[in-house]
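Analysis of the macromolecular model
So you can see what is in the structure, the chains are spelled out below.
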Amino acid sequence: MSDGAVLHVKGRVLVGPEEVRDELWVVGGRVSYDRPAGAGDVRTVEGWALPGLVDAHCHVGLGAHGPVDAATAEKQALTDREAGTLLIRDAGSPSDTRWVDDREDLPKIIRAGRHIARTRRYIRNFAWEIEPEDLVAYVAQEARRGDGWVKLVGDWIDRDLGDLSACWPREAVEAAIAEAHRLGARVTAHCFAESSLRDLVEAGIDCIEHATGLTDDLIPLFAERGVAIVPTLVNIATFPQLAAGGDSKFPRWSAHMRRLHERRYDTVRGAYDAGIPVFVGTDAGGSLAHGLVADEVAELVTAGIPAVDAVSAASWGARAWLGRPGLEEGAPADLVVYEDDPRTDVRVLAAPRRVVLNGLVID
(Lines give C-alpha, C1' and ligand atoms only; values in the text may rest on other atoms or scores of the structure.)
Protein backbone atom coordinates (compact mmCIF):
# COMPACT_ATOMS: atom_id res chain seq x y z
CA MET A 1 0.00 0.00 0.00
CA SER A 2 1.19 3.49 -0.80
CA ASP A 3 1.32 6.39 1.64
CA GLY A 4 -2.17 7.72 2.17
CA ALA A 5 -3.78 4.48 1.04
CA VAL A 6 -6.69 3.08 3.01
CA LEU A 7 -7.18 -0.58 3.90
CA HIS A 8 -10.69 -1.95 4.18
CA VAL A 9 -11.01 -5.19 6.17
CA LYS A 10 -14.42 -6.75 5.69
CA GLY A 11 -16.09 -10.02 6.60
CA ARG A 12 -15.97 -10.68 10.34
CA VAL A 13 -13.73 -8.65 12.64
CA LEU A 14 -13.19 -10.40 15.97
CA VAL A 15 -12.78 -7.40 18.25
CA GLY A 16 -13.23 -9.69 21.27
CA PRO A 17 -14.29 -13.26 22.01
CA GLU A 18 -17.93 -12.30 21.52
CA GLU A 19 -17.72 -8.86 19.92
CA VAL A 20 -17.79 -9.20 16.15
CA ARG A 21 -18.03 -6.39 13.59
CA ASP A 22 -18.52 -6.52 9.85
CA GLU A 23 -15.65 -4.29 8.85
CA LEU A 24 -12.88 -1.97 9.89
CA TRP A 25 -10.76 0.62 8.12
CA VAL A 26 -7.06 1.29 8.43
CA VAL A 27 -6.12 4.93 8.02
CA GLY A 28 -2.63 6.19 8.76
CA GLY A 29 -1.71 2.80 10.15
CA ARG A 30 -4.48 2.82 12.76
CA VAL A 31 -7.82 1.13 13.24
CA SER A 32 -11.02 3.03 12.52
CA TYR A 33 -14.61 1.83 12.51
CA ASP A 34 -15.77 4.89 10.59
CA ARG A 35 -15.54 4.92 6.82
CA PRO A 36 -13.02 7.64 5.91
CA ALA A 37 -14.46 10.50 3.91
CA GLY A 38 -13.25 10.76 0.34
CA ALA A 39 -11.06 7.64 0.49
CA GLY A 40 -9.50 7.17 -2.92
CA ASP A 41 -6.86 4.44 -2.98
CA VAL A 42 -8.60 1.62 -1.09
CA ARG A 43 -7.38 -1.94 -0.80
CA THR A 44 -9.87 -4.54 0.46
CA VAL A 45 -9.03 -7.67 2.44
CA GLU A 46 -11.77 -10.16 3.27
CA GLY A 47 -12.01 -12.90 5.90
CA TRP A 48 -12.00 -13.39 9.67
CA ALA A 49 -9.78 -10.75 11.30
CA LEU A 50 -8.11 -11.24 14.68
CA PRO A 51 -5.71 -8.98 16.61
CA GLY A 52 -2.11 -9.84 15.81
CA LEU A 53 -1.17 -12.99 17.71
CA VAL A 54 0.94 -12.92 20.86
CA ASP A 55 3.82 -15.23 21.73
CA ALA A 56 4.26 -14.55 25.43
CA HIS A 57 7.41 -16.66 25.76
CA CYS A 58 9.79 -16.16 22.86
CA HIS A 59 13.49 -15.39 22.50
CA VAL A 60 14.53 -13.18 19.60
CA GLY A 61 18.31 -12.94 19.35
CA LEU A 62 18.96 -16.24 21.10
CA GLY A 63 20.33 -19.42 19.54
CA ALA A 64 21.30 -22.84 20.85
CA HIS A 65 24.70 -21.55 21.98
CA GLY A 66 23.77 -18.07 23.15
CA PRO A 67 23.39 -14.72 21.37
CA VAL A 68 23.06 -14.63 17.58
CA ASP A 69 23.87 -11.91 15.06
CA ALA A 70 21.34 -9.35 13.86
CA ALA A 71 20.71 -11.16 10.56
CA THR A 72 19.73 -14.35 12.40
CA ALA A 73 17.57 -12.42 14.86
CA GLU A 74 15.83 -10.75 11.92
CA LYS A 75 15.04 -14.16 10.40
CA GLN A 76 13.60 -15.28 13.74
CA ALA A 77 11.35 -12.24 13.94
CA LEU A 78 10.24 -12.60 10.32
CA THR A 79 9.37 -16.26 10.89
CA ASP A 80 7.18 -15.26 13.82
CA ARG A 81 5.56 -12.52 11.74
CA GLU A 82 4.71 -14.93 8.94
CA ALA A 83 2.95 -17.13 11.49
CA GLY A 84 0.81 -14.16 12.57
CA THR A 85 2.74 -13.33 15.75
CA LEU A 86 2.87 -9.53 15.86
CA LEU A 87 3.54 -9.08 19.59
CA ILE A 88 6.29 -10.92 21.46
CA ARG A 89 7.12 -10.99 25.13
CA ASP A 90 10.80 -11.81 24.88
CA ALA A 91 11.33 -13.95 27.99
CA GLY A 92 15.07 -13.39 28.24
CA SER A 93 17.76 -12.75 25.63
CA PRO A 94 21.48 -11.95 25.82
CA SER A 95 21.23 -9.95 22.58
CA ASP A 96 20.40 -6.27 22.24
CA THR A 97 17.35 -6.24 19.97
CA ARG A 98 16.37 -2.59 20.40
CA TRP A 99 17.01 -2.05 16.70
CA VAL A 100 13.83 -4.07 16.02
CA ASP A 101 11.81 -1.19 17.44
CA ASP A 102 12.82 0.93 14.46
CA ARG A 103 11.47 -1.60 11.96
CA GLU A 104 7.82 -1.15 10.97
CA ASP A 105 7.86 -4.58 9.33
CA LEU A 106 8.88 -6.60 12.41
CA PRO A 107 6.80 -7.71 15.40
CA LYS A 108 6.68 -5.51 18.48
CA ILE A 109 8.76 -6.83 21.38
CA ILE A 110 8.26 -6.52 25.13
CA ARG A 111 11.61 -7.43 26.67
CA ALA A 112 12.45 -9.04 29.99
CA GLY A 113 16.16 -8.23 29.74
CA ARG A 114 18.56 -11.13 30.13
CA HIS A 115 17.81 -14.27 32.16
CA ILE A 116 19.15 -14.23 35.72
CA ALA A 117 20.38 -17.65 36.85
CA ARG A 118 22.37 -19.24 39.65
CA THR A 119 26.03 -19.88 38.90
CA ARG A 120 26.44 -23.00 36.71
CA ARG A 121 22.71 -23.73 37.00
CA TYR A 122 21.49 -22.93 33.51
CA ILE A 123 22.38 -23.18 29.82
CA ARG A 124 25.79 -21.72 29.10
CA ASN A 125 25.90 -18.23 27.51
CA PHE A 126 22.18 -17.58 28.06
CA ALA A 127 22.01 -15.85 31.43
CA TRP A 128 23.74 -13.69 33.98
CA GLU A 129 25.04 -16.33 36.40
CA ILE A 130 25.21 -14.98 39.92
CA GLU A 131 24.86 -15.86 43.59
CA PRO A 132 21.91 -14.93 45.85
CA GLU A 133 23.61 -11.94 47.44
CA ASP A 134 23.71 -10.27 44.00
CA LEU A 135 20.15 -11.07 42.96
CA VAL A 136 18.55 -7.76 43.96
CA ALA A 137 21.17 -5.75 42.08
CA TYR A 138 20.82 -7.80 38.90
CA VAL A 139 17.03 -7.71 39.06
CA ALA A 140 17.19 -3.91 39.35
CA GLN A 141 19.58 -3.77 36.40
CA GLU A 142 17.34 -5.88 34.14
CA ALA A 143 14.20 -4.07 35.30
CA ARG A 144 15.74 -0.86 34.02
CA ARG A 145 16.89 -2.46 30.75
CA GLY A 146 13.69 -4.34 29.99
CA ASP A 147 10.18 -3.30 29.04
CA GLY A 148 8.43 -3.95 32.33
CA TRP A 149 9.49 -7.56 32.93
CA VAL A 150 12.37 -9.42 34.59
CA LYS A 151 13.11 -13.13 34.05
CA LEU A 152 14.56 -15.42 36.75
CA VAL A 153 15.62 -19.04 36.39
CA GLY A 154 13.71 -20.52 39.31
CA ASP A 155 14.98 -24.08 39.13
CA TRP A 156 17.42 -26.22 37.18
CA ILE A 157 19.28 -29.47 37.56
CA ASP A 158 21.56 -29.64 40.59
CA ARG A 159 24.29 -32.00 39.44
CA ASP A 160 25.23 -32.98 42.99
CA LEU A 161 21.62 -33.85 43.77
CA GLY A 162 21.03 -35.40 40.35
CA ASP A 163 17.64 -33.74 39.97
CA LEU A 164 15.85 -30.43 39.56
CA SER A 165 15.98 -28.15 42.57
CA ALA A 166 15.20 -24.53 43.45
CA CYS A 167 17.94 -22.02 42.60
CA TRP A 168 17.25 -19.26 45.14
CA PRO A 169 16.60 -19.04 48.88
CA ARG A 170 13.24 -17.58 49.88
CA GLU A 171 14.63 -14.35 51.34
CA ALA A 172 16.57 -13.61 48.15
CA VAL A 173 13.55 -13.85 45.85
CA GLU A 174 11.38 -11.87 48.25
CA ALA A 175 13.84 -8.98 48.19
CA ALA A 176 14.40 -9.23 44.44
CA ILE A 177 10.72 -9.30 43.52
CA ALA A 178 10.02 -6.40 45.86
CA GLU A 179 12.76 -4.40 44.12
CA ALA A 180 11.39 -5.19 40.66
CA HIS A 181 7.93 -4.10 41.73
CA ARG A 182 9.35 -0.90 43.22
CA LEU A 183 10.84 -0.17 39.81
CA GLY A 184 7.55 -0.89 38.04
CA ALA A 185 8.50 -4.25 36.55
CA ARG A 186 6.76 -7.59 36.76
CA VAL A 187 8.72 -10.77 37.43
CA THR A 188 8.48 -14.18 35.82
CA ALA A 189 10.50 -17.33 36.35
CA HIS A 190 11.46 -20.46 34.48
CA CYS A 191 10.20 -23.37 36.61
CA PHE A 192 10.00 -27.01 35.61
CA ALA A 193 9.82 -28.62 39.05
CA GLU A 194 7.58 -28.39 42.09
CA SER A 195 10.12 -27.26 44.67
CA SER A 196 10.54 -23.58 43.75
CA LEU A 197 6.90 -22.66 43.18
CA ARG A 198 5.54 -21.94 46.65
CA ASP A 199 8.39 -19.63 47.62
CA LEU A 200 8.17 -17.70 44.35
CA VAL A 201 4.40 -17.25 44.51
CA GLU A 202 4.36 -16.29 48.17
CA ALA A 203 7.20 -13.86 47.43
CA GLY A 204 4.89 -12.05 44.99
CA ILE A 205 5.94 -13.30 41.56
CA ASP A 206 3.64 -12.36 38.67
CA CYS A 207 4.05 -15.29 36.28
CA ILE A 208 5.57 -18.75 36.00
CA GLU A 209 6.96 -20.09 32.74
CA HIS A 210 6.36 -23.78 31.89
CA ALA A 211 4.79 -24.54 35.32
CA THR A 212 5.04 -28.30 34.79
CA GLY A 213 5.51 -28.74 38.55
CA LEU A 214 2.15 -27.16 39.39
CA THR A 215 0.38 -29.62 41.72
CA ASP A 216 -3.12 -29.78 43.18
CA ASP A 217 -1.99 -28.33 46.50
CA LEU A 218 -0.39 -25.32 44.80
CA ILE A 219 -3.18 -24.51 42.35
CA PRO A 220 -5.34 -22.65 44.93
CA LEU A 221 -2.34 -20.49 45.89
CA PHE A 222 -1.72 -19.52 42.25
CA ALA A 223 -5.42 -18.77 41.76
CA GLU A 224 -5.67 -16.69 44.94
CA ARG A 225 -2.61 -14.60 44.03
CA GLY A 226 -3.58 -14.27 40.35
CA VAL A 227 -0.26 -15.68 39.17
CA ALA A 228 -0.36 -16.43 35.44
CA ILE A 229 1.27 -19.40 33.73
CA VAL A 230 2.71 -19.76 30.22
CA PRO A 231 2.90 -23.54 29.75
CA THR A 232 4.98 -23.70 26.51
CA LEU A 233 3.59 -27.15 25.73
CA VAL A 234 5.41 -27.33 22.40
CA ASN A 235 8.60 -27.17 24.43
CA ILE A 236 7.43 -29.62 27.09
CA ALA A 237 6.95 -32.11 24.24
CA THR A 238 10.75 -32.37 24.10
CA PHE A 239 11.03 -33.68 27.68
CA PRO A 240 11.14 -37.40 26.74
CA GLN A 241 14.04 -36.76 24.37
CA LEU A 242 15.86 -34.73 27.01
CA ALA A 243 15.22 -37.43 29.60
CA ALA A 244 16.62 -40.13 27.34
CA GLY A 245 19.85 -38.17 27.07
CA GLY A 246 20.26 -38.12 30.84
CA ASP A 247 19.33 -41.70 31.72
CA SER A 248 22.85 -42.92 32.39
CA LYS A 249 24.24 -39.90 34.26
CA PHE A 250 21.17 -38.42 35.96
CA PRO A 251 18.49 -41.16 36.18
CA ARG A 252 16.58 -39.38 38.94
CA TRP A 253 16.33 -36.21 36.84
CA SER A 254 15.30 -38.21 33.75
CA ALA A 255 12.51 -39.97 35.62
CA HIS A 256 11.31 -36.65 37.01
CA MET A 257 11.22 -35.05 33.55
CA ARG A 258 9.17 -37.97 32.22
CA ARG A 259 6.64 -37.62 35.05
CA LEU A 260 6.27 -33.91 34.40
CA HIS A 261 5.72 -34.62 30.71
CA GLU A 262 3.16 -37.35 31.32
CA ARG A 263 0.90 -35.11 33.40
CA ARG A 264 1.40 -31.92 31.37
CA TYR A 265 -2.14 -31.74 29.98
CA ASP A 266 -3.75 -32.47 33.36
CA THR A 267 -1.57 -29.74 34.90
CA VAL A 268 -2.70 -27.12 32.38
CA ARG A 269 -6.35 -28.10 32.51
CA GLY A 270 -6.28 -28.07 36.31
CA ALA A 271 -4.85 -24.56 36.26
CA TYR A 272 -7.44 -23.35 33.77
CA ASP A 273 -10.34 -24.90 35.69
CA ALA A 274 -9.17 -23.11 38.86
CA GLY A 275 -9.19 -19.74 37.12
CA ILE A 276 -5.43 -19.34 36.79
CA PRO A 277 -4.65 -17.11 33.78
CA VAL A 278 -3.06 -19.21 31.02
CA PHE A 279 -1.28 -17.62 28.06
CA VAL A 280 0.34 -18.86 24.86
CA GLY A 281 4.12 -19.03 24.60
CA THR A 282 6.31 -21.25 22.45
CA ASP A 283 9.79 -20.85 23.99
CA ALA A 284 11.10 -20.22 20.47
CA GLY A 285 14.81 -19.49 20.35
CA GLY A 286 17.53 -21.56 21.89
CA SER A 287 16.88 -24.95 20.37
CA LEU A 288 13.21 -24.50 19.45
CA ALA A 289 12.00 -23.16 16.10
CA HIS A 290 10.17 -19.87 15.72
CA GLY A 291 6.70 -19.59 14.21
CA LEU A 292 4.97 -22.22 16.38
CA VAL A 293 2.24 -20.06 17.90
CA ALA A 294 -0.60 -21.96 16.15
CA ASP A 295 0.83 -25.25 17.39
CA GLU A 296 0.83 -23.98 20.96
CA VAL A 297 -2.81 -22.85 20.73
CA ALA A 298 -3.69 -26.32 19.44
CA GLU A 299 -1.82 -27.87 22.38
CA LEU A 300 -3.92 -25.85 24.83
CA VAL A 301 -7.04 -27.22 23.17
CA THR A 302 -5.63 -30.74 23.43
CA ALA A 303 -5.13 -30.06 27.15
CA GLY A 304 -8.86 -29.36 27.45
CA ILE A 305 -9.05 -25.57 27.22
CA PRO A 306 -12.05 -24.45 25.10
CA ALA A 307 -11.08 -23.16 21.67
CA VAL A 308 -12.28 -19.59 22.24
CA ASP A 309 -10.22 -19.31 25.44
CA ALA A 310 -7.17 -20.86 23.77
CA VAL A 311 -7.45 -18.26 21.00
CA SER A 312 -7.83 -15.53 23.61
CA ALA A 313 -4.66 -16.75 25.30
CA ALA A 314 -2.84 -15.73 22.12
CA SER A 315 -4.85 -12.63 21.24
CA TRP A 316 -7.38 -10.55 23.20
CA GLY A 317 -6.54 -11.92 26.64
CA ALA A 318 -2.80 -11.91 26.12
CA ARG A 319 -2.78 -8.35 24.81
CA ALA A 320 -4.81 -7.12 27.79
CA TRP A 321 -2.45 -8.93 30.19
CA LEU A 322 0.57 -7.30 28.56
CA GLY A 323 -1.07 -3.89 28.43
CA ARG A 324 -1.18 -3.67 24.64
CA PRO A 325 -4.24 -2.83 22.53
CA GLY A 326 -6.15 -5.14 20.24
CA LEU A 327 -8.49 -3.86 17.55
CA GLU A 328 -9.87 -0.86 19.44
CA GLU A 329 -10.59 2.42 17.70
CA GLY A 330 -7.32 4.26 17.11
CA ALA A 331 -5.07 1.30 17.96
CA PRO A 332 -2.14 0.39 15.71
CA ALA A 333 -3.50 -1.80 12.91
CA ASP A 334 -1.81 -5.11 13.79
CA LEU A 335 -4.08 -7.91 12.69
CA VAL A 336 -4.24 -11.28 10.96
CA VAL A 337 -6.95 -12.36 8.52
CA TYR A 338 -8.02 -16.00 8.18
CA GLU A 339 -10.23 -18.00 5.85
CA ASP A 340 -12.53 -19.21 8.64
CA ASP A 341 -13.43 -18.57 12.28
CA PRO A 342 -10.52 -19.66 14.55
CA ARG A 343 -12.91 -19.83 17.51
CA THR A 344 -14.55 -22.80 15.82
CA ASP A 345 -11.38 -24.58 14.72
CA VAL A 346 -8.02 -23.34 16.02
CA ARG A 347 -6.22 -25.14 13.20
CA VAL A 348 -7.22 -22.13 11.07
CA LEU A 349 -4.47 -20.16 12.88
CA ALA A 350 -1.80 -22.16 11.06
CA ALA A 351 -2.74 -20.61 7.70
CA PRO A 352 -3.03 -16.81 7.80
CA ARG A 353 -4.58 -15.36 4.65
CA ARG A 354 -3.14 -11.89 5.28
CA VAL A 355 -0.90 -10.34 7.92
CA VAL A 356 -1.25 -6.61 8.56
CA LEU A 357 1.42 -4.91 10.69
CA ASN A 358 1.32 -1.19 11.48
CA GLY A 359 -1.35 -0.91 8.80
CA LEU A 360 0.81 -2.43 6.08
CA VAL A 361 -0.28 -5.63 4.34
CA ILE A 362 2.62 -8.06 4.36
CA ASP A 363 2.65 -9.68 0.91
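Residues numbered from 1 in each chain as written. Predicted model: local features only at pLDDT ≥ 70, side-chain atom pairs only at ≥ 80, totals over all residues. Heavy atoms only, no water.

Regarding the overall build of the protein
Counting secondary structure elements, the protein contains twelve helices and 20 strands. The C-alpha atoms of the protein give 21 Å as radius of gyration, which agrees with the globular expectation for 363 residues (21 Å, within 12%). The dimensions of the protein, computed from C-alpha atoms along their principal axes, are 70 × 40 × 35 Å. Here the protein, with 363 residues, has 55% of them falling under the buried criterion. The contacts of the protein with a sequence gap of at least 6 include a subset with a gap of at least 24, amounting to 65%. About 14,600 Å² of surface is accessible on the protein, with carbon and sulfur atoms providing 47% of the total. Taken as two groups, the 40 positive and 57 negative side-chain charges of the protein have centres that lie 2 Å from each other. (Helix = DSSP H or I, 4+ residues; strand = E, 2+ residues; numbered from the N terminus. Rg over C-alpha atoms; globule rule 2.2 N^0.38 Å. Buried < 20%, exposed > 50% of the residue type's maximum accessible area, 1.4 Å probe, protein only. Contact = heavy atoms within 4.5 Å. Areas by Shrake-Rupley, 256 points an atom, 1.4 Å probe, with all protein chains shown as cover. Lys, Arg positive; Asp, Glu negative; His and termini not counted. Charge placed at Lys NZ, Arg CZ, Asp CG, Glu CD.)

Quick look at the sheet that holds strand S20 (residues 360-362)
Sheet strands pair by backbone hydrogen bonding; their relative direction is either parallel or antiparallel. With mixed pairing, the seven strands of this open sheet are ordered in space as S3-S2-S1-S4-S18-S19-S20. Here the strands that pair on one side only, and so sit at the sheet edges, are strand S3 (30-32) and S20. This sheet shows a mean twist of 40° between the axes of neighbouring strands, independent of strand direction. (Pairing = 2+ DSSP bridges. Axes fitted to C-alpha atoms, helices over the stretch in contact; angles between N-to-C directions.)

Structural notes on the environment of Gly 38
Mapped onto the secondary structure, Gly 38 falls in the loop between S3 and strand S4 (42-51). Measuring from C-alpha to C-alpha, the distance between Gly 38 and Arg 347 comes to 39 Å, with 309 residues separating the pair along the chain.

Topic: the side chain of Arg 114
Of note, Arg 114 is situated in the loop between strand S8 (108-111) and strand S9 (116-118). Glu 142 provides the closest opposite charge to the buried, salt-bridge-free Arg 114, at an N-O distance of 7.1 Å. Only 3.1 Å separates the side chain of Arg 114 from the backbone oxygen of Phe 126, close enough to count as a polar contact. What Arg 114 contacts, discounting residues up to four positions off in sequence, is Ser 93, Pro 94, Asn 125, Phe 126, Ala 127, Trp 128, Glu 142 and Lys 151. (Salt bridge = Lys/Arg side-chain N within 4 Å of Asp/Glu carboxyl O. Polar contact = N/O pair within 3.5 Å; in protein donor to acceptor, adjacent residues only side chain to side chain.)

Quick word on the pairing of strand S1 (residues 6-14)
In the sheet, S1 pairs with S4 via eight bridges, with the strands oriented parallel. Note on S4: the bridge partner recorded for Val 13 is Ala 49. Examined bridge by bridge, S1 and strand S2 (residues 20-27) share six bridges and lie antiparallel to one another. Each residue of the ladder has a partner; that of Val 9, found in S2, is Leu 24. Counting the residues that bridge the hairpin from S1 to S2 gives five residues.

A few points about helix H10 (residues 293-302)
Residue pairs three or four apart in sequence face the same way in an α-helix, which turns once every 3.6 residues. Those residues of H10 lying buried are Val 293, Ala 294, Glu 296, Val 297, Glu 299 and Leu 300. Where H10 is buried, its residues contact strand S5 (53-63), strand S7 (85-90), helix H6 (233-236), helix H9 (264-273) and helix H11 (307-312). Gly 304 occupies a position one or two residues after H10 and carries a positive phi of about 110°.

Side note on the side chain of Arg 319
Here Arg 319 lies in helix H12 (residues 316-322). With sequence-adjacent residues up to four places away left out, Arg 319 is seen in contact with Pro 51, Gly 52, Val 54, Leu 86, Leu 87, Arg 324, Pro 325, Gly 326 and Asp 334.

Some points on the packing of aromatic side chains
Tallied over the entire structure, the rule returns seven aromatic pairs. Look at Tyr 122 and Trp 156: their rings are 4.8 Å apart centre to centre, the planes differ by 75°, and that puts the pair in the edge-to-face class. Here Tyr 122, found in the loop between S9 and strand S10 (128-130), pairs with Trp 156, found in strand S12 (residues 155-158); they are 34 residues apart in sequence, far enough to count as distant. Assigned by exposure class, Tyr 122 and Trp 156 land together as buried. Put simply, the rings of Tyr 122, Phe 126, Trp 156, Phe 192 and Phe 239 touch in pairs and so form one group of aromatic residues. Looking at Arg 264, its charged tip hangs above the ring of Tyr 265, at a distance of 4.2 Å from the centre. (Phe/Tyr/Trp six-rings, centres within 6.5 Å; stacked < 30°, edge-to-face > 60°. Lys NZ or Arg CZ within 6 Å of the ring centre and 35° of its normal.)

Description of the environment of Arg 343
In this fold, Arg 343 is placed in the loop between strand S18 (335-338) and strand S19 (354-357). Dropping the residues within four chain positions of it, Arg 343 is found in contact with Leu 14, Pro 17, Glu 18, Val 20, Trp 48, Ala 307, Val 308 and Trp 316. A polar contact of 2.9 Å, which involves the side chain of Arg 343, links it to the backbone oxygen of Pro 17. Polar side-chain contacts of Arg 343 include one of 2.8 Å to the side chain of Asp 341.

Some words on the pattern of salt bridges
Summed over all chains, the structure comprises 27 salt bridges. Linking Asp 105 and Arg 103 is a salt bridge whose minimum nitrogen-to-oxygen distance equals 2.8 Å. When the shortest N-O distance is used, the salt bridge between Arg 170 and Glu 174 registers 2.8 Å. Here Glu 174 and Arg 170 lie together in helix H3 (residues 170-182), a separation of four residues that amounts to about one turn. Its relative accessible area of 25% is what places Arg 170 among the partly exposed residues. We classify Glu 174 as partly exposed; its relative accessible area is 34%.

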